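Close look at the chain arrangement
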Amino acid sequence: MSEKFVDQEKKPWHAMPVEEAIDNAGSAPEGLSENEAKTRLETYGANVLAGAKKQNPIGRFLRQFHNILIYVLLVAAVVTAGLQEWVDSMVIFGVCVVNALIGFIQEGKAEKSMESIRSMMAPQAVVLRDNERTTIPASDVVPGDVVLLDAGDKVPADVRVIKANALQVEEAALTGESVPVSKNTYEVDEEADLGDRASMAFSGTMVTYGNGRGVVVGTGLSTEIGRISAMLSEVEGITTPLIRQITKFGHLLTIFILGFAALTFVFGIVIRGYGPGEMFMAAVGIAVAAIPEGLPAIMTITLAVGVQQMARRNAIIRKLPAVETLGSVTTICSDKTGTLTKNEMTVQSIQAGDGFYGVTGTGYAPEGGFTLEDTDIDPNEHPLLLEILRSALLCNDARVHQKDGQWQLDGAPTEGALITAAMKAGMDVNEENEKFPRRGVIPFSSEKKLMATLHHDPDGKGAIIVKGAPERILKRCSNQRTADGEAPLDPDFWQKQGEVIAAMGKRLLGVAVKETGSGDNGLESGDVEGGFTLLGLFGIIDPPREEAVEAASQLIGECVSVGECHTAGIRVKMITGDHGLTAISVANRLGIGNGETYLTGHDLEKMTDEALAEAVSAVDVYARTSPEHKLRLVKALQAGSQVVAMTGDGVNDAPALKRADVGVAMGQTGTEAAREASEIVLVDDNFASIAKAVEEGRRIYDNLKKAILFILPTNGGQSLIVIASIVLGIGLMDEAGHFSLPITPPQILWINMVTAVTLALALAFEPAEPNVMKRPPRSSDESILSPFLLWRVGFVSVLLTAGALGHYMFMIEGGQSSEIAATAAINTLVMGQVFYLFSSRYILEPSWNFRGFTGSRAVLISIAVLAVLQASFTYLPPMQYVFGTVGLPAGAWAKIFAFGIIVFILVELEKAYFMRKQL
C-alpha cells in the first residue's frame, strides 16, 4: 500500500473523490493497522519539520566584525599600537568590541523561524488504528492514517476530509482567510486556491467548530506548512540600503585615505627631501587623522536611540539597521486582516423587509446604533428589525462577554457579530434565551450551509429559525416579512439587494422563520426544507481600522492628485488571502488602488516575471494569494528598485517577510514564525504605527547623514593639516635634520576620540525636521558620497585647516614655542568643530536663530563635556606630559573663539546659497 501512496501524482488530493483519495492513500475508512503504521513511519519518517541549523555563538560574534569600517577601525588600533599609544589603541579596539556586542545581542535570535513553525505542529493526534480510536504523538502520524478531528483540536497533518459534521477550521495563519472555513467531503477543482480547498484540512490549523475525520495525505515537509518551511530556508535576506551605502562608502574612503597617504609619502621624499622614516610617520598621521574611528559607534548609537523611540511608538525593532531602512521605504505591502482591519467581524447593514438599516460601531463591544436613510433611529420602533435581530441571537452558538474591560468572543466570528448587533438594540442574551428556550437544533453543515434551531415562545408556540447562505435560505422560503405581515417572496428583489451588499465587500447571511406546533420538541432535516418566511439579510464585514485609514491617507495622499502622491512618495499595496470582492471593498475604504482593479493568485501564476514586474507598478490590490505569490510580488517590486516593507501575521507571510527590505510582523495576532522572520514587530498590530515608523526612520537617516557631514570634514581638516604641512613645509626640523609635524598623531587621535564621543554623538538625538514627511523617500541606490557632501567636506576641511595652521604659524612667528603653537592649533581645530556642530544640526536650513543654538539639550551637554575634556587636555600636567601640550594665554583663547564664529558664519552663508539655488 505504501508504494501506491508514493506513486500518487495523477491529480491533487483536493480534486479526488473520497473513495479515490482513501484508495490512493493506501488506507481504509477504519484506518491502518499498527504494523502498517510502523512500516510507514520507517518509510516516511517522523511527522516533524527539519530544525534550523544552529549558529555557533562564537562564529556569530566574529561575523559582527565583517564590516569595512570595522576593518578600518582595527587597522587604526594596530597603527596606534605600533606608535605605542596603548591607551588609544585599546580605546579604538574597545569601540570595535562594543559595536560587535550590540550587533550580537540585537541579532542573536535571528533565523528562529523554523523552530516557531515547528511549534505549530500538533503535539498529539487521535487516529484510527485497527479500527480503534487511539491517541498518539503527532510526530507518529503517517500517510494513510485516519485522523479524528473535533473542535479545539490542532490538525496534526495535511488530511483529505472524508467525513464532516459542521466542520469549520481556522486557517488565517496559513491562508490569510479572516474567518473559519467550512469543510466538506466534496472534491474541488484541481486549480483551486489553497483557501478554496474545502475538502482539505492543513497541518497546524485549528478546528473551531463541529467534527470530522480525514485521511492523512502529507506529513512533515510534505505538508503545506512544511513546504513554507522549506521555502523560508531558501529565501535569502537582503542587506539594508544603509548597510549597502556604508559598505560602498567604507571601500571608497579606505582607498581615498591610503591613496593620499601614499602620495604624501612620495611627495615628502621626492620633492621636499624628507627622510623615509619621517614620511612614514606622516603617512601614518594622515591615516589616523582621516579614519573616522567614531563613525561605526555613532551609527550604532543613533540606530539604538531610534530603537528606543520606536518602542515608545509601539514598534519593537529586532535588527538595528531596519529602523533606518523604513526611512527609505517606497512601497508598503500590507496584509489585510488585523493590520488594515480589526480582525473582528461586524454587522454593518441589515435588509429587513424593504428597509435598509445601517449599523454603527465596530468589534464585539455592544456600542453603536442603527440608522435608516442616514438618520438615527430607535430600533424599538421598528418591529421587523427587532425580529431579525432576535432570531439571529437565538439561532446562535457563540458567546460575547466582557473580560478585564475588553469584549471577547467565544465561537465563530460571524455569529459573534450577530449577537453584538442584537445587544446594540438593547437585547439581553440570557433573557432572550430564557424567554424563547431552544428545543432542538441542526448544527451548521458545510453541505447545507445553514443552521436551524427550534424555539418556544412564552405561550408555548413553536418556531424554527434558520440562518445561513442567502441562496440556501431563499430556496426554502415562499414568503417574506413585510410591515403589513407577510407577502409572497420576491426573489428578484432579494437577489438584487444581495448583489448590492456583496459589492460593498460584505459577507451575506440570510435569516428566515417558520411557525410550528407547540408539541414539537426536536428538529429533523425534513423540517427545514421549505415553508419559511424570509426575515432579511445581514451584511457583515471585518471593518478597516480608523487609524489605518488616516495613516494610509497620509502616506498615499488618497491620490487626489499626482502631485500629492508624488509628495508623499510611498505606495501602499494590499496583499491578502481573502476573496477579491472583500479585498477591493476594504481597499476602497482605505484609499488603496483605483477602486476596481485587483489581481488574484491565479492571475499571478499565469504571468511571466516581465509581465509581473509591469503589473506591480500599476496594481495595488492582490487577493487569494499564497506564500509563493507574496514572495514573488516582493521580489518583483525589488527588481524595480523599490524598497519594500512587508507586513503580515501568518506562517504564509513568513517567506515574504524575510525577503522584504523590512519585514513587519504583528505582535498581538501574529504567529511566532512571522515575528521571527521579521525585523520589526508592531505591538498594537496597527498600520498607523508603520507610518510613525517611517517618520522615525527618516529622522534617523537624517541624523546619520548629519553625523557623517560633521565627522568627515573634521577628520578631513585633521588629515589636511598633515598634508598641507608637508606640501607647504610647515613644521620643525631638529638639529639632526628630522622633520616633525605641527600636530602629532597622538594629538590627532585625541581630537578624533573626544569630538566623536561628545559632539558627533549629540547629533543622534536630533528631533525630526519639520518637512521630514513632506518629501519623497530617498532612492535605495543613493550614495552617501553625494556631490553636495563632497563639497561640504572639502569646504569645511579647508576652513579648519586654514584656521589651525594659521594660528600655529601666527604663534611661531610671534616667538612662541612649538608646544604653545601646537596646543593653540589643536584648540582652534576643536573650537571650529564646536561651532560647526551648530550648523550641522540642519543640513540646509539656517541655524543662526534661537532654536539653532538652544534647541538641543544633547548638543549643549556635549559641548560642556568637551570643554571639560579640552581644559584637562590643555592644563592638567599628566595630560600635558602624555600629549605634549601647554597652557594657553587668554589672548590665544580670544582668537580661538573668534575663529569658531567665523566658521559658523561661513557655513551658514554656504547653506543659504544652496537653499536659494534649490528654490
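On a predicted model such as this, the values are computed, not experimentally measured, just so you know.

**Some thoughts on the overall build of the chain**
Of the regular secondary structure elements, the chain holds 35 helices and 30 strands. By the burial criterion, 56% of the 919 residues in the chain qualify as buried. Long-range pairs, those at least 24 residues apart, make up 71% of the contacts in the chain between residues at least 6 apart in sequence. Of the accessible surface of the chain, which amounts to about 37600 Å², a share of 57% is contributed by carbon and sulfur atoms.

**Digging into the pairing of strand β7 (residues 206-218)**
In terms of strand pairing, strand β3 (residues 146-150) meets β7 through five bridges, oriented antiparallel. Bridged to Val147 within β7 is Gly214. Examined bridge by bridge, strand β4 (residues 158-170) and β7 share 10 bridges and lie antiparallel to one another. Paired with Arg160 across the bridge in β7 is Val215.

**Things to note about the packing of helix α30 (residues 787-813) against helix α31 (residues 818-840)**
Packing of α30 against α31 brings their axes to within 8 Å, and their N-to-C directions diverge by 150°. Looking at the two axes, α30 sits roughly antiparallel to α31. As for how α30 packs across α31, the hand of that crossing is right-handed. Contacts from Arg792, Val796, Leu800, Gly803, Ala804, His807, Tyr808, Met811 and Ile812 of α30 reach α31 at Ser818, Ile820, Ala821, Ala822, Ala824, Ala825, Thr828, Leu829, Gly832, Gln833 and Tyr836. Considered class by class, the residues forming the contact of α30 with α31 number 13 nonpolar, six polar and one charged.

**Examining helix α15 (residues 383-394)**
With 12 residues, α15 extends 16 Å between its outermost C-alpha atoms, agreeing within 8% with the 16 Å of an ideal straight helix rising 1.5 Å per residue. Among the 12 residues that make up α15, nine are buried, leaving the element largely enclosed by the rest of the structure. The complete set of buried residues in α15 reads Leu384, Leu385, Leu386, Ile388, Leu389, Ser391, Ala392, Leu393 and Leu394.

**As for the environment of Pro491**
On the secondary structure map, Pro491 appears in helix α19 (residues 491-503). The exposure class of Pro491 is partly exposed, given its relative accessible area of 47%. Between the C-alpha atoms of Pro491 and Cys477, which are 14 residues apart in sequence, the distance is 9.5 Å.

**A look at unusual backbone geometry**
The residue Asp130 is not glycine, and still its phi comes out positive at about 55°. Examined against the element boundaries, Asp130 turns out to sit in the loop between β1 (124-129) and β2 (132-137). Positive phi, close to 65°, is recorded for Asn131, a residue that is not glycine. For Asn131, the position within the fold is in the loop between β1 and β2.

**Details of the sheet that holds strand β25 (residues 621-623)**
Spatial ordering of the open sheet is given by β8-β28-β27-β26-β9-β23-β25-β24, a layout of eight strands whose pairing is mixed. Edge positions in the open sheet fall to β8 (315-317) and β24 (599-600), since each of these has one partner strand only. Looking at chain direction, strand β23 (residues 571-575) and β25 are connected through two bridges and run parallel. When the bridges of β25 are listed, Met574 appears paired with Val621.

**Structural notes on the environment of Gly355**
Structurally, the position occupied by Gly355 is in strand β11 (residues 355-359). For the pair Gly355 and Leu372, spaced 17 residues apart in sequence, the C-alpha separation works out to 7.3 Å. Setting aside its immediate chain neighbours within four residues, Gly355 contacts Ile350 and Leu372.

**With respect to the pattern of salt bridges**
Counted under the stated rule, the structure contains 23 salt bridges. Across the pair Arg390 and Glu432 runs a salt bridge, and its minimum N-O distance is 2.9 Å. Highlighted residues: Arg390 in helix α15 and Glu432 in helix α17 (residues 429-435), separated in sequence by 42 residues. Overall, the relative accessible area of 25% leaves Arg390 in the partly exposed class. We note a salt bridge from Arg476 to Glu529, for which the minimum N-O separation is 3.8 Å.

**Brief notes about the environment of Ala469**
Tracing the backbone shows Ala469 in the loop between β18 (462-468) and α18 (470-475). For the pair Ala469 and Arg507, spaced 38 residues apart in sequence, the C-alpha to C-alpha distance is 9.3 Å.

**Considering the packing of helix α29 (residues 745-762) against α31**
Remark: α29 packs on α31, axes separated minimally by 11 Å, with the N-to-C direction vectors making an angle of 25°. Considering their axes alone, α29 and α31 lie roughly parallel with respect to each other. As α29 packs across α31, the resulting crossing turns out to be right-handed. On α31, the residues that touch Gln747, Ile751, Thr755 and Leu759 of α29 are Ala822, Ile826, Leu829, Val830, Gln833, Val834 and Leu837. Per-class residue counts for the contact of α29 with α31 are eight nonpolar, three polar and no charged.

**A word on helix α25 (residues 627-639)**
With 13 residues, α25 extends 18 Å between its outermost C-alpha atoms, agreeing within 8% with the 18 Å of an ideal straight helix rising 1.5 Å per residue. For α25, the full list of buried residues reads Pro627, His629, Lys630, Leu631, Leu633, Val634, Ala636, Leu637 and Gln638. Ser641 sits one or two residues past α25 and shows a positive phi near 65°.

**Focus on the packing of aromatic side chains**
Aromatic rings in a pair are described by how distant their centres are and how their planes are angled relative to each other. Under the counting rule described, the total for this entry stands at 14 aromatic pairs. Taken together, a centroid distance of 5.8 Å and an interplanar angle of 15° make the contact between Phe710 and Tyr836 stacked. Here Phe710 is found in helix α28 (residues 687-728), whereas its partner Tyr836 is found in helix α31, with 126 residues between them in sequence. By relative accessible area, Tyr836 is classed as buried at 0%. Ring centres of Phe873 and Phe883 lie 5.3 Å apart, and the angle between their planes is 55°; this geometry places the pair in the tilted category. Of this pair, Phe873 sits in helix α33 (residues 857-875) while Phe883 sits in helix α34 (residues 877-883); the two residues are 10 residues apart in sequence, bridging distant segments of the chain. Overall, Phe873 belongs to the buried group, its relative accessible area being 0%. Overall, Phe883 belongs to the buried group, its relative accessible area being 10%. Here a set of aromatic residues connected by ring pairs shows up, and it is made of Phe788, Trp791, Phe795, Tyr913 and Phe914.

**Digging into the pairing of strand β10 (residues 346-352)**
With seven of seven residues buried, β10 lies mostly within the body of the structure. Looking at chain direction, β10 and strand β22 (residues 532-541) are connected through six bridges and run antiparallel. If you follow Ser349 over to β22, its bridge partner there is Gly539. Here β10 pairs with β11 via four bridges, running antiparallel. Considered in β11, the bridge of Ala352 is made with Gly355. Linking β10 back to β11 in an antiparallel pair, the connection comprises two residues, with Gly353 at a positive phi of about 65°.

**A look at the confidence of the model for the chain**
Overall, the prediction assigns the chain a mean pLDDT of 80, with 81% of residues at 70 or greater. Element-level mean pLDDT values for the chain span from 34 in helix α21 (residues 562-568) up to 95 in α15. Counting interchain partners and residues more than four positions distant, the pLDDT-below-50 stretch residues 106-122 has 54 contacts.

Calculation rules
- Counting of residues starts from 1 at the beginning of each chain's written sequence and follows it residue by residue.
- Local features in this predicted model are restricted to residues of pLDDT 70 or higher, and side-chain atom pairs are both shown and tallied only at a pLDDT of 80 or more, whereas totals for entire chains, interfaces and linings draw on every residue.
- To obtain the side-chain values, all non-hydrogen atoms of the structure were used and water was disregarded.
- Under the DSSP-based scheme used, a helix requires at least four consecutive residues in state H or I and a strand at least two consecutive residues in state E, with every element numbered from the N terminus.
- Relative accessibility thresholds used throughout: buried, under 20% of the residue-type maximum; exposed, over 50%; partly exposed, between the two (1.4 Å probe, protein chains only).
- Two residues qualify as a contact provided that any one of their heavy atoms is within 4.5 Å of a heavy atom in the partner residue.
- Computed by Shrake-Rupley with a 1.4 Å probe, the accessible areas treat only the displayed protein chains as cover when residues are assessed.
- In this analysis, strands are considered paired if DSSP registers two or more bridges between them.
- Here an axis means a line fitted to C-alpha atoms, over the contact stretch when the element is a helix, while the angle between two N-to-C directions is reported on a 0 to 180 degree scale.
- Comment on the angle field: the value is read as roughly parallel under 35 degrees, roughly antiparallel over 145, roughly perpendicular from 65 to 115, and oblique elsewhere.
- Here a crossing is taken to be left-handed if its near helix is turned anticlockwise relative to the far helix by less than a right angle, and right-handed if that turn runs clockwise.
- Side-chain classes follow a simple rule in which Ala, Val, Leu, Ile, Met, Phe, Trp, Tyr, Cys and Pro form the nonpolar group, Asp, Glu, Lys and Arg form the charged group, and the remainder, Gly included, forms the polar group.
- By this rule, a helix spans an expected 1.5 Å times one less than how many residues it contains.
- We count a salt bridge whenever a side-chain nitrogen from Lys or Arg sits within 4 Å of a carboxyl oxygen from Asp or Glu.
- Centre distance within 6.5 Å is the pairing criterion for rings of Phe, Tyr and Trp, where only the six-membered ring of Trp is used; planes under 30 degrees apart are then read as stacked, over 60 as edge-to-face, and the remainder as tilted.
- Known as pLDDT, the predictor's confidence for each residue is given on a scale from 0 to 100.

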